[in-house]
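# Analysis of the macromolecular model
Spelled out, the chains give:
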Amino acid sequence: MADITFNSPALVILLGPPGAGKGTHAPSLGSHLLIPHISTGDLFRQNICNRTTIGIKAKGFMDYGRLVPDEIVLEMLFARLKQEDCKRGAVLDGVPRTLIQARAIDREFSKTHKLNVILLTLDESLLVERICGRVACKQCGRPYHRKYDPPKNELCACGGTLVQRVDDSEEVLKQRLEIYRRQTEPLIEYYKPILQEIDGNQPKQEVFRNIIKNFTLEPIHA
Ligand code: AMP
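Since we're looking at a predicted model, the values are computed, not measured.

Working note: a packed helix pair is described by the angle between its axes plus the distance between those axes. As a packed pair, helix H2 (residues 40-49) and helix H3 (residues 53-62) sit with axes 8 Å apart at the nearest point and diverge in direction by 115 degrees. Helix-helix and strand crossings are classified by hand; for H2 and H3 the assignment is left-handed. Along the contact surface, H2 presents Gly41, Phe44, Arg45, Asn47 and Ile48, while H3 presents Ile54, Gly55, Ala58, Lys59 and Met62. Its residues assigned to classes, the contact of H2 with H3 shows five nonpolar, three polar and two charged.

Rendered as structure tokens:
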């Protein structure tokens, strides 16, 4: 059981293969724990939209389902974690993805932050269906799933157009999965002593209930 308190900032790491639900649960977990959620994938996509140097460098890797080099990821992540809203910590979605990233996060934060790691598991048979049915609003970013959370009239509730991520195609997914197995799965062993495993095959409310069971929340005293 992990305590998230005002005086001891926490980093909550969500691990799991693409499609396991990290992006679905990270925002709700962040709201529940009153800390921001940080998705390195979202940060890269914003950088691409804004045509920043980071975005230009990252795009070539992302479009082909490859990992962006560690030093780019870490510089962007650490800069984000130094912002004021992260003083009690953050929920990390999609990072670390390599041992180098995990060790760098340890070096930078293990003295000041409590680390919590949640592994969302998912049966292989569900992966393709989960990923390839995903769409998101071009305007507000709200995610939908064509089968599990279908949009009305092919539009977002805000009226925005829905688009599929370039890297959510079946072909790119194969590459992302292979990279996950080779580079990210070793983190399961690395974090073993503090890892909580959650079955991600359940309906999403059930998965979330199981995730938050791992945390006791102390009230914030301003
Ligand atoms: P995601 O939205 O988490 O699926 O990330 C989309 C893409 O962004 C990944 O396939 C990678 O190309 C890149 N990316 C996101 N986070 C990382 C990371 N921690 N390390 C390397 N590449 C990343």
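Okay, the site of the ligand next. By nearness alone, 16 residues border the ligand, and Thr40, Arg45, Arg66, Arg97 and Gln101 come closest of all. Arginine 66 places a polar main-chain atom, nitrogen or oxygen, 2.6 Å from an oxygen atom of the ligand. Arginine 165 is positioned such that a nitrogen or oxygen atom in its side chain is 3.0 Å from an oxygen atom of the ligand. Notes on the ligand: free accessible area 480 Å², of which the protein chains cover 95%. Per-element tally for the shell around the ligand: the top contributor is H2, with four residues. For the shell around the ligand, the class distribution of residues is six nonpolar, four polar and six charged.

On to the nonpolar core, then. With 31 residues, the main nonpolar core has Leu81, Leu92 and Tyr191 as its most contacted residues. Counting only elements with at least two residues in this core, the list comes to strand E2 (10-15), H2, H3, helix H4 (70-81), strand E4 (89-93), helix H5 (99-109) and strand E5 (114-121). Examining the composition of this core, we find that seven residues originate from one element, H4, more than from any other. Sequence-distant contacts of tyrosine 191, that is, excluding residues within four places in its chain, are made with Ile13, Leu15, Pro96, Ala102, Leu115 and Val117. Counting 20 residues, the second largest nonpolar core, distinct from the first, contains Ala26, Ile35, Ile118 and Ile198.

Taken in spatial order, the five strands line up as E3-E4-E2-E5-E9 in an open sheet, and their pairing is parallel. Both edges of this open sheet fall to strand E3 (37-39) and strand E9 (195-199), since each of them pairs with a single strand only. Averaged over all pairs of adjacent strands, the angle between their axes in this sheet comes to 20 degrees, without regard to strand direction. Taken together, the three bridges between E3 and E4 define a ladder with parallel strand orientation. In the sheet register, serine 39 faces E4, and the bridge partner there is aspartate 93. Relative to the sheet, helix H9 (residues 204-212) contacts E5 and E9, its axis offset from that of E9 by approximately 160 degrees.

This part covers the packing of helix H1 (residues 22-33) against H9. Between H1 and H9, the least distance of the axes is 11 Å, while the angle of their chain directions is 45 degrees. When the interaxial angle is binned, H1 and H9 end up oblique. Note that H1 runs across H9; the crossing there is right-handed. Counting all contacts with H1, which are made through Thr24, His25, Ser28, Leu29 and His32, the residues of H9 involved are Lys204, Val207, Phe208, Ile211 and Ile212. Residue composition of the contact of H1 with H9, by class: five nonpolar, four polar and one charged.

Definitions and limits used
Residues numbered from 1 in each chain as written. Predicted model: local features only at pLDDT ≥ 70, side-chain atom pairs only at ≥ 80, totals over all residues. Heavy atoms only, no water. Axes fitted to C-alpha atoms, helices over the stretch in contact; angles between N-to-C directions. Helix = DSSP H or I, 4+ residues; strand = E, 2+ residues; numbered from the N terminus. Left-handed = near helix turned anticlockwise from the far one by under 90°. Contact = heavy atoms within 4.5 Å. Nonpolar A, V, L, I, M, F, W, Y, C, P; charged D, E, K, R; others polar. Near = heavy atom within 4 Å. Polar contact = N/O pair within 3.5 Å; in protein donor to acceptor, adjacent residues only side chain to side chain. Areas by Shrake-Rupley, 256 points an atom, 1.4 Å probe, with all protein chains shown as cover. Core = buried A, V, L, I, M, F, W, Y, C linked by side-chain atoms within 4.5 Å. Buried < 20%, exposed > 50% of the residue type's maximum accessible area, 1.4 Å probe, protein only. Pairing = 2+ DSSP bridges. Parallel < 35°, antiparallel > 145°, perpendicular 65-115°, else oblique.

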